[in-house]
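# Structure at a glance
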Amino acid sequence: MQPTMELGHATQDGTTSHVSTVPQFGLGTFLMREAGECRDAVLAALRMGYIHIDTAMAYENEHEVGEGIQMAIDEGVIARDDLFVTTKLRRPHAVGFEETQNRCRQSLENLGLDSMDLYLVHAPPEEPDHRKPTWEGMEACLEDGLTGAIGVSNYGAHHLDKMRAHAEYMPSVNQIEIHPWLQRPGLRSATEAVGAKVMAYSPLARGHKVNDEALVEIAGEIGCTPAQAAIKWCLDMGCITIPKSSNTGRIQENLASLEVEISGHMEAFSCMEEDYVSGWDPTAEP
Ligand code: NDP
């Protein structure tokens, strides 16, 4: 049994709406570029017991995610209802109410699914005037059952705070870069304060940090691999996390993070903070 968390959307009247369950661990699929790479990685992961896949229209691989899922379903490896699929509204498409709903339908078509489990705004729409109508489009996707949950990605505390004025449903998730070298306690708290769960992307800092000296030392003491230690830290900090690998051995290795015990090493992890952003950082934008 993999660990799960409850997702819900805080409403204006103080209740929580559209409650669902998300597996805390999943497979990321960014930069799976070769033809067949993403399909094969998704199928391998599902065969091993992964039950959550994260993609985005921007990754241009939703169709391969869909193919991998369909192959796994046909093999009897997993049932659709036991699988959690997250995808995202591209930033250039986050321009308004109808566009958002149309793109959600397009993602579903790419994925070959009737509905997704979580739909995220990939980053705060660049034009501030587009933020409210885009979120209204997301809310319509939720109400129409195109997705089981809605959320945001790369939102800073100020972006979340502004949503309180207009959102009928607050986001259930904020997907942000989090790892031992970028721990973001303030943004994690701000996310939780609006009733959302933190989804940690790039838990290995895009692979840049798997040979980090401090991490290697902690992993040696624990008796696990450095990647497993970093992934388990994200989970133990209360985040959902979605490490990416296209390599069967590493896909398996990352899943085995769930079994790793790091509790005696939290102090050493907290000393690893270095404000290291491995990719982009729209959370800091106005
Ligand atoms: P990760 O931190 O997951 O690192 C992936 C890199 O690490 C790849 O190069 C991979 O190589 C390597 N790797 C994976 N496992 C291991 C291992 N066990 N040992 C050594 N190296 C390993 O980076 P991502 O940026 O891909 O983040 C994860 C996911 O988060 C993305 O795939 C995407 O789904 C999501 N994401 C979301 C963003 C957003 O803006 N919302 C931005 C960035 C990511 P290999 O494949 O060869 O194993």
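Here, the structure is the one placed above.
Residues numbered from 1 in each chain as written. Predicted model: local features only at pLDDT ≥ 70, side-chain atom pairs only at ≥ 80, totals over all residues. Heavy atoms only, no water.

### Observations concerning the site of the ligand
- Lining the immediate environment of the ligand, one finds 28 residues, of which Asp54, Leu204, Lys244, Ser245 and Arg250 sit closest.
- Pro203 is positioned such that a nitrogen or oxygen atom in its backbone is 3.3 Å from an oxygen atom of the ligand.
- Within the backbone of Leu204, an N or O atom sits 2.7 Å from an oxygen atom of the ligand.
- Taking 900 Å² as the accessible area of the ligand by itself, protein coverage stands at 87%.
- Class assignment of the residues belonging to the shell around the ligand gives a composition of eleven nonpolar, eleven polar and six charged. (Near = heavy atom within 4 Å. Polar contact = N/O pair within 3.5 Å; in protein donor to acceptor, adjacent residues only side chain to side chain. Areas by Shrake-Rupley, 256 points an atom, 1.4 Å probe, with all protein chains shown as cover. Nonpolar A, V, L, I, M, F, W, Y, C, P; charged D, E, K, R; others polar.)

### So, the packing of aromatic side chains
- Across all of its chains, the model carries three aromatic pairs by this definition.
- Considering the side-chain rings of Phe30 and Tyr59, the 4.9 Å spacing of their centres and the 40° angle between planes classify their relative orientation as tilted. You can see Phe30 sitting in the loop between strand 3 (27-28) and helix 1 (37-48) and its partner Tyr59 sitting in the loop between strand 4 (52-54) and helix 2 (62-75), a full 29 residues away along the chain.
- For Phe30, a relative accessible area of 35% corresponds to the partly exposed category.
- Under the relative-accessibility criterion, Tyr59 is labelled buried at 15%. (Phe/Tyr/Trp six-rings, centres within 6.5 Å; stacked < 30°, edge-to-face > 60°. Helix = DSSP H or I, 4+ residues; strand = E, 2+ residues; numbered from the N terminus. Buried < 20%, exposed > 50% of the residue type's maximum accessible area, 1.4 Å probe, protein only.)

### Regarding the side chain of Glu139
- Examined against the element boundaries, Glu139 turns out to sit in helix 4 (residues 131-143).
- Lys132 provides the closest opposite charge to the buried, salt-bridge-free Glu139, at an N-O distance of 8.4 Å.
- Contacts of Glu139, omitting those with residues within four sequence positions, involve Ile150, Ala167, Glu168 and Tyr169. (Lys, Arg positive; Asp, Glu negative; His and termini not counted. Salt bridge = Lys/Arg side-chain N within 4 Å of Asp/Glu carboxyl O. Contact = heavy atoms within 4.5 Å.)

### So, the pairing of strand 6 (residues 118-121)
- The two faces of strand 6 match: Leu118 and Leu120 on one face and Tyr119 and Val121 on the other face are all buried.
- Sheet analysis places strand 5 (residues 84-89) next to strand 6, joined by four bridges and oriented parallel. If you follow Lys88 over to strand 6, its bridge partner there is Leu120.
- Traced from strand 5 through helix 3 (residues 97-111) to strand 6, the parallel crossover comes out right-handed.
- Here strand 6 pairs with strand 7 (residues 150-153) via three bridges, running parallel. In the strand pairing of strand 7, Leu120 is matched with Gly151.
- One crossover worth recording links strand 6 to the parallel strand 7 by way of helix 4, and it is right-handed. (Pairing = 2+ DSSP bridges. Right-handed = clockwise from strand over helix to strand, strands pointing away.)

### Considerations on the pairing of strand 1 (residues 4-10)
- Sheet analysis places strand 1 next to strand 2 (residues 16-23), joined by six bridges and oriented antiparallel. Bridge pairing in strand 2 places Met5 opposite Val22.
- Two successive antiparallel strands, strand 1 and strand 2, enclose a turn made up of five residues, where Gly14 displays a positive phi of approximately 90°.

### With respect to the packing of helix 2 against helix 3
- Axis separation between helix 2 and helix 3 bottoms out at 7 Å; the angle between their running directions is 45°. Classified by the angle their axes make, helix 2 and helix 3 are oblique. Only Ser107, Asn110 and Leu111 of helix 3 make contact with helix 2, whose side of the interface consists of Glu62, His63, Val65 and Gly66.
- The residue makeup of the contact of helix 2 with helix 3, split by class, is two nonpolar, four polar and one charged. (Axes fitted to C-alpha atoms, helices over the stretch in contact; angles between N-to-C directions. Parallel < 35°, antiparallel > 145°, perpendicular 65-115°, else oblique.)

### Re helix 8 (residues 226-236)
- Counting buried residues in helix 8 gives nine out of eleven residues, a clear majority hidden from the surface.
- The elements touched by buried residues of helix 8 are strand 9 (197-201), helix 7 (213-222), strand 10 (240-241), helix 9 (248-255) and helix 10 (266-270).
- Immediately beyond the C-terminal end of helix 8, within one or two residues, lies Gly238, with a positive phi of roughly 90°.

### Examining helix 4
- Spanning 13 residues, helix 4 covers 18 Å between terminal C-alpha atoms, matching the ideal 18 Å at 1.5 Å per step.
- Of the residues flanking the end of helix 4, it is Gly145, one or two places downstream, whose phi is positive at about 80°. (Expected span 1.5 Å × (residues − 1).)

### A few points about the pattern of salt bridges
- A complete count under the given rule lists twelve salt bridges for this structure.
- In this structure, the salt-bridge partner of Lys88 is Asp54, at a minimum N-O distance of 2.7 Å. Residue Lys88 is located in strand 5, and its partner Asp54 is located in strand 4; the two are separated by 34 residues in the primary sequence.
- Linking Lys132 and Glu136 is a salt bridge whose minimum nitrogen-to-oxygen distance equals 3.1 Å. Here Lys132 and its partner Glu136 are both found in helix 4, four residues apart, which amounts to about one turn of the helix.
- Residue classification places Lys132 among the partly exposed positions, given a relative accessible area of 41%.

### Here's the deal with the nonpolar core
- One finds Leu27, Val42, Leu46, Trp135 and Phe269 to be the most contacted residues of the largest nonpolar core, which totals 68 residues.
- A total of seven residues in this core trace back to one element, the largest contributor, which is helix 8.
- With residues up to four places along the chain from it excluded, the contact list for Trp135 reads Val121, Ile150, Gly151, Val152, Met163, His166, Ala167, Tyr169, Met170 and Pro171.
- Grouped together as the second largest cluster of nonpolar side chains are twelve residues, Met5, Val22, Phe84 and Leu120 included. (Core = buried A, V, L, I, M, F, W, Y, C linked by side-chain atoms within 4.5 Å.)

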